[in-house]
Structures are given as C-alpha cells and as structure tokens.
Amino acid sequence: MDGAPDLARIDAARDRTAAIVRRTPTVPLEHGDRTLWLKLELLQPIASFKLRGASAAVTAAPPEATRAGLLTASAGNMAQGAAWMARHLGVPCSVVVPETAPRAKLERIAALGAESIPVGFDRWWQTFTDRSYPGMEERFFVHPFLDTDVMAGNGVIARELAEDLPAEVDAVLVPWGGGGLACGIAAGLRALRPGTRVYAVEVEGAAPLAASLAAGEVVSIDYRPSFVDGIGSKTVFPEMLELARQLLASSLVVPVEAVAGAVRLLAERARVVAEGAGAAAVAAAPLLDDAQVACVVSGGNVDSAKLAKILTGGVP
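Residues numbered from 1 in each chain as written. Predicted model: local features only at pLDDT ≥ 70, side-chain atom pairs only at ≥ 80, totals over all residues. Heavy atoms only, no water.

Chemist: In this structure, what is going on with the sheet that holds strand β3 (residues 70-73)? I would like to understand it.
Modeler: Sheet strands pair via backbone hydrogen bonds, and the direction of the pair is either parallel or antiparallel. The four strands are arranged β5-β4-β3-β6 in an open sheet whose pairing can be described as parallel. Looking at which strands have only one partner, the edges of the open sheet turn out to be β5 (115-119) and β6 (140-141). Bridge count for β3 against β6 is two bridges, and the pairing is parallel. In the strand pairing of β6, L71 is matched with F141. (Pairing = 2+ DSSP bridges. Helix = DSSP H or I, 4+ residues; strand = E, 2+ residues; numbered from the N terminus.)

As structure tokens, then:
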C-alpha cells in the first residue's frame with residue numbers, strides 16, 4: 001500500500017469501474033426533528049459497497065496478475081466482490097472466511113461460483129498480513145482494506161456525496177471494519193469538501209480503532225462477536241491507524257442494541273433492509289445531534305432469521 005488515494009486516483013478508479021458498479025442514490029430520512037442523508041451502498045449488485053474496492057483493485061492489475069484467479073479473506077461482502085469480479089474475468093475465486101461467517105453470505109459466495117475456506121478467527125486475520133494462503137500463492141489477492149486501489153474505489157463514494165449532499169451537511173458517518181471504506185471516503189472528501197468531518201463507527205465489544213486512537217498506538221481488545229458481523233475485529237493494522245489519525249475526526253462507538261434499532265428504523269421508515277454493519281452509521285447519528293449528518297449504509301446482506309428477530313423488537 002502506498003498511502004491514501006489522491007483525487008486523481010479516485011477518479012481513475014471511477015472511470016475504470018463505471019460499467020461494473022452502480023452510482024448509488026443519496027436519499028433523505030426524516031428522523032425526529034432532523035434529516036439524515038442515507039448513501040445507499042446496499043443497492044450495489046452484491047448488496048454491498050465492497051464491489052467498488054474489488055473492481056478498482058482488479059481492474060488496476062495487469063491481466064497476467066489475475067490469470068490464475070482471485071483470492072481474498074472476508075466475512076462475506078468482499079468475498080462477494082472478489083467472486084463477482086472473478087466471474088467477470090472468467091477465473092476461479094477462493095475466499096478465506098471466519099468460521100463465524102453468516103450462512104446467508106456463504107450461500108451468496110457459493111452462488112457466485114467461489115470457494116469458501118472456513119478457518120478460525122486468528123488464522124483468518126493472519127491472511128490479511130500474509131496476502132496469500134497455502135496452495136494459492138499464484139492467486140491475485142484482493143485485500144479488503146489495506147490497498148490504495150481498494151480505497152480509491154471506495155473513494156468514488158466521496159465524489160458522489162460531494163455532488164449529491166446539500167452544502168449544510170458537515171459530517172459523514174462510515175462503518176469501520178478494516179478502515180478501507182472510511183479512509184477512502186475521507187481521502188476523497190478532504191479534496192472535495194474539506195470542511196466535512198468523517199467519523200468511523202464501531203460497535204461495543206468490537207471497537208479496536210477507538211481504543212487505539214485513545215491509546216495513541218495499536219492495541220488489541222477483548223473482541224466480542226455479535227450479529228454485526230461485517231465490522232469489528234480484535235485490532236487494527238498500523239497503516240490504517242495512521243491513516244485514521246490523518247483523515248478521520250474520531251471513532252464513534254455504539255451499543256449492539258442501538259444497531260438493531262437502526263436496522264428496524266431503516267426497514268420501517270425508509271423501506272431499506274440493511275445488515276448490522278450497514279445500519280451502524282445510522283445508530284451513531286444521535287451522538288452528533290448538533291451536526292447535519294450523512295450515513296453510509298454500506299450493505300444489506302442480512303440473514304432472514306436475524307432480520308425477523310430485529311423487526312419484532314429483539315437483538316439476534
């Protein structure tokens with residue numbers, strides 16, 4: 001990785017991927033006495049923003065680099081992004097997934113023709129550092145976040161937000177998993193709307209960025225998995241912590257119960273079916289009650305049983 005993408009690299013990613021990804025709408029949601037703006041990335045073909053980064057990275061690579069196939073490590077959404085691009089290229093795709101990956105996402109990975117390799121959490125996390133997996137050294141590794149081209153693809157969202165948001169919107173909330181989405185958007189907005197603050201959003205029990213920012217260095221936390229499976233981990237990568245320090249206002253941490261409430265709010269008031277990670281930014285909006293806020297609704301790959309429990313007032 002060679003740092004955060006500049007605007008030229010973001011616009012180059014936009015041009016390369018225009019025929020693959022969708023320009024998603026930004027819509028208002030009246031909530032209490034304020035308007036929240038929702039960037040609906042769950043309307044991508046794989047129901048997640050991850051197609052932006054996957055397509056930007058794969059289309060930036062020379063053809064010979066991807067000829068043997070693609071490999072990624074993912075809880076589900078980048079897996080679908082890589083699988084979609086492998087099908088686009090006509091090459092195989094394998095995905096190292098944590099054993100806790102939700103069934104709905106595994107089924108979608110298989111439906112796209114990719115192979116899932118379930119491993120324990122620590123071995124899964126190690127794949128992000130190795131950028132490979134035994135027996136698949138020839139595959140092109142699509143890193144979910146620690147890649148400048150991936151962040152450039154995500155940064156196209158900033159270009160769209162700058163074009164669509166009212167001038168008075170001064171804060172954008174973005175779920176934080178590995179950091180590629182938040183830092184990609186923040187890099188773009190730094191050039192396009194420098195007065196707009198970008199906040200990462202994490203969930204209690206799975207918020208290593210907030211802990212690391214508070215400590216001034218990378219720390220590990222006592223990670224507690226929840227139904228919010230698309231974000232959260234035990235730690236952050238040093239490179240991403242440094243970018244977060246440069247680009248983000250801070251990290252906002254919300255309870256799991258608040259995320260369930262945000263999923264319910266989106267379904268009932270906006271008719272938007274979001275997964276937990278996708279609703280996290282909406283859950284954090286009350287923490288910035290003095291700001292005009294836009295929320296990135298990053299994905300919609302939620303198990304039906306979990307959604308049903310949330311809609312009846314429960315927390316999976």
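Picking up where we left off.
Chemist: What's the story with empty space enclosed by the protein in this structure? I'm lost.
Modeler: Unfilled space is identified by rolling a water-sized probe across the atoms. Going through the model one piece at a time under the given rule, you end up with one cavity of 30 Å³ or more. By volume, the largest cavity amounts to about 40 Å³. Lining the largest cavity, in full, are P102, F227, D229, E275, G276, N301, V302, D303 and K306. (1 Å grid on protein atoms, 1.4 Å probe; cavity = no way out; pocket = protein on both sides within 12 Å on 5 of 7 lines; lining within 4 Å. Points joined across faces, edges and corners; volume = space filled by probe spheres on them.)

Chemist: Quick question: what am I supposed to make of the nonpolar core here?
Modeler: As a rule of thumb, soluble globular proteins bury nonpolar side chains together. Judged by nonpolar contacts, the single largest core of 48 residues is most densely connected at W124, V172, W176, I185, M240 and L248. Residue contributions to this core peak at seven residues, all from helix α8 (residues 180-192). Setting aside its immediate chain neighbours within four residues, W124 contacts A73, S74, A75, V96, V97, P98 and V119. Residues V201, L265, A284 and V297 belong to the second largest nonpolar core, which totals 40 residues. (Core = buried A, V, L, I, M, F, W, Y, C linked by side-chain atoms within 4.5 Å. Buried < 20%, exposed > 50% of the residue type's maximum accessible area, 1.4 Å probe, protein only. Contact = heavy atoms within 4.5 Å.)

Chemist: When you look at the layout of surface pockets in this model, what are you seeing that I'm missing?
Modeler: Counted as a void, the largest pocket has a volume near 510 Å³. The wall of the largest pocket is formed by 37 residues, among which A75, W124, D229, G230 and I231 lie closest to the centre. Those elements that provide at least two residues to the lining of the largest pocket are α4 (77-89), α6 (121-130) and α8. Per-element accounting of the lining of the largest pocket gives the leading share, four residues, to α6.

Chemist: Before we go on, may I ask you to explain the environment of A182 in this structure?
Modeler: Tracing the sequence through the fold places A182 in helix α8. Overall, the relative accessible area of 0% leaves A182 in the buried class. The spatial distance from the C-alpha of A182 to the C-alpha of A294 is 13 Å, given a sequence separation of 112 residues.

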